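Read off the chains here:
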Amino acid sequence: RSAVFAPNGLLALTASADRTARIWSILSGECLRVLEEHAGIVISATFSSDGNSLLTASADRTAKIWRVESGECVRALEGHAGIVISAAFSPDGSLALTTSADRTARIWSTMSGTCIR
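All values reported here derive from a predicted model rather than from experimental measurement.

A. Region of the structure containing the sheet that holds strand E6 (residues 53-58). Pairing is antiparallel across the open sheet formed by four strands, whose spatial order is E5-E6-E7-E8. Looking at which strands have only one partner, the edges of the open sheet turn out to be strand E5 (42-47) and strand E8 (73-78). With direction set aside, neighbouring strand axes in the sheet form an average angle of 20°. Where strand E7 (residues 62-67) lies against E8, five bridges are found, and the strand directions are antiparallel. Looking across to E8, one finds that Trp66 is bridged to Cys73.

B. A look at the layout of surface pockets. Reported here for the largest pocket is a volume of approximately 170 Å³. Lining of the largest pocket is provided by 14 residues; of these, Ser53, Arg67, Phe89, Gly93 and Thr110 occupy positions nearest its centre. Grouping the amino acids of the lining of the largest pocket by side-chain chemistry returns five nonpolar, six polar and three charged.

Rules and cut-offs
Residues numbered from 1 in each chain as written. Predicted model: local features only at pLDDT ≥ 70, side-chain atom pairs only at ≥ 80, totals over all residues. Heavy atoms only, no water. Pairing = 2+ DSSP bridges. Helix = DSSP H or I, 4+ residues; strand = E, 2+ residues; numbered from the N terminus. Axes fitted to C-alpha atoms, helices over the stretch in contact; angles between N-to-C directions. 1 Å grid on protein atoms, 1.4 Å probe; cavity = no way out; pocket = protein on both sides within 12 Å on 5 of 7 lines; lining within 4 Å. Points joined across faces, edges and corners; volume = space filled by probe spheres on them. Nonpolar A, V, L, I, M, F, W, Y, C, P; charged D, E, K, R; others polar.

Spatial relationships are all this shows, so hold off on functional conclusions.
Structure representation (structure tokens):
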């Protein structure tokens, strides 16, 4: 569904129809982590600007924030009534922006997971 490089260029992140996102080593080609907590297709995935966090958007109507190092899901951003089509971090990583098939965009606090707008 989507693929992006980490800011340092050493990792890649893919989003897939098998309901996972995967972190890959660019040097070895090895899959380092499989992120499996979504209940629907993972439509998009991206790194934070510091490369320490990931943000995924899914057909399960959620976006999720993950730690790159551990692969742990640290926040679920819930509230859209439709598929979450895309998600992005703000430059400083304090906010997440999501868009949905419900024809809304939402801004979330990445620290609390609260929808701000």
